[in-house]
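Read off the chains here:
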Amino acid sequence: MNNKYTEINSKTIDKWVDDGWEWGQPITHEIFEKAKNNDWSVVLTPNKPVPKEWFCEMKGAKVLGLASGGGQQMPIFAALGADCTVLDYSERQLQREIEVAKRENYEITTVRADMTQPLPFEDEAFDLIFHPVSNCYIEDVLPVWKECHRVLKKGGILLAGLDNGINFLFDDDETKIVHKLPFNPLKDKELYEKSIKNDWGIQFSHTIEEQIGGN
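Residues numbered from 1 in each chain as written. Predicted model: local features only at pLDDT ≥ 70, side-chain atom pairs only at ≥ 80, totals over all residues. Heavy atoms only, no water.

Asker: Got a sec to walk through the overall build of the protein? Specific residues and values, please.
Answerer: Secondary structure assignment for the protein yields seven helices and five strands. Traced from its N-terminal end to its C-terminal end, the protein shows the element sequence α-α-β-α-β-α-β-β-α-β-α-α. Out of the 215 residues belonging to the protein, those deemed buried represent 47%. Within the protein, residue pairs in contact and separated by at least 24 positions form 66% of the contacts whose partners lie at least 6 positions apart. A total accessible area of about 11,800 Å² is found for the protein, and carbon and sulfur atoms account for 49% of it. (Helix = DSSP H or I, 4+ residues; strand = E, 2+ residues; numbered from the N terminus. Buried < 20%, exposed > 50% of the residue type's maximum accessible area, 1.4 Å probe, protein only. Contact = heavy atoms within 4.5 Å. Areas by Shrake-Rupley, 256 points an atom, 1.4 Å probe, with all protein chains shown as cover.)

Here you go:
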């Protein structure tokens, strides 16, 4: 099995984006214009908008989109006046960010990096980190939380979407349990080969305790 599973995931997500993956479709010009007039919403998990009161004052805020490429959330924050940086390991997801920024004429910093490694930012660099459900693509999430703590300003805000692991249990029709938890292809050769064959990338289930930094 290939230990560089994050490279596999990067290339897999690139392919998903090219195939029309919903999380790689950037917002429209109309949505951007509405956001400039404070008519906006973003999601951390697929279906429920994040309450606006959870955010800091966005005008002038330093915002990091952590594994948040795709041109969906960062353009909204830029429209609200934030200074945005997006880190992602998918080249296609970063390309989407650049496309929207050019279209709407704002600046964004894009960084291609593996979030399992130390983040390439100074201490206390950001007021807000926005991290949609994406830690299912890494085996160990605790180092990510430690790095978020390091690069957030004192009193900064981390907004993260978490996966409860249930979706890993079922077949494609969601009618039959076909896998067990924890779901970790790196520790199961058959599951690894199935993941590669089915173009799933290498994904992982985590307990809620793991995802919030517990044991």
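Asker: So what's going on with the pattern of salt bridges? Which residues, and what values?
Answerer: With the rule as written, the count across this model stands at 14 salt bridges. Between Asp18 and Arg92 there is a salt bridge, with the nearest N and O atoms lying 2.9 Å from each other. Within this pair, whereas Asp18 is found in helix H1 (residues 5-18), its partner Arg92 is found in helix H4 (residues 91-104), the two being separated by 74 residues in sequence. Take Arg92: its relative accessible area is 26%, and that puts it in the partly exposed class. One connected set of salt bridges, linked through shared partners, spans Glu7, Lys11, Glu91 and Arg112. (Salt bridge = Lys/Arg side-chain N within 4 Å of Asp/Glu carboxyl O.)

Asker: Give me the pairing of strand S5 (residues 152-160): which residues, what numbers.
Answerer: One ladder, built from five bridges, connects strand S4 (residues 126-131) with S5; its direction is parallel. Bridge pairing in S5 places Leu128 opposite Ile157. Running through helix H5 (residues 142-151), the crossover from S4 to the neighbouring parallel element S5 is right-handed. (Pairing = 2+ DSSP bridges. Right-handed = clockwise from strand over helix to strand, strands pointing away.)

Asker: Describe the packing of aromatic side chains, naming the residues involved and giving the relevant values.
Answerer: On inspection of all chains with the given rule, the structure shows nine aromatic pairs. Plain terms: the ring middles of Tyr5 and Phe204 are 5.1 Å apart, the flat faces sit at 70° to each other, and that makes the pair edge-to-face. One end of the pair, Tyr5, is in helix H1; the other, Phe204, is in the loop between helix H6 (189-197) and helix H7 (208-211), with 199 residues separating them in the sequence. Of the residues examined, Tyr5 reaches a relative accessible area of 9% and is grouped as buried. Put simply, the rings of Trp40, Phe55, Phe77 and Phe130 pair up and form one aromatic cluster. (Phe/Tyr/Trp six-rings, centres within 6.5 Å; stacked < 30°, edge-to-face > 60°.)

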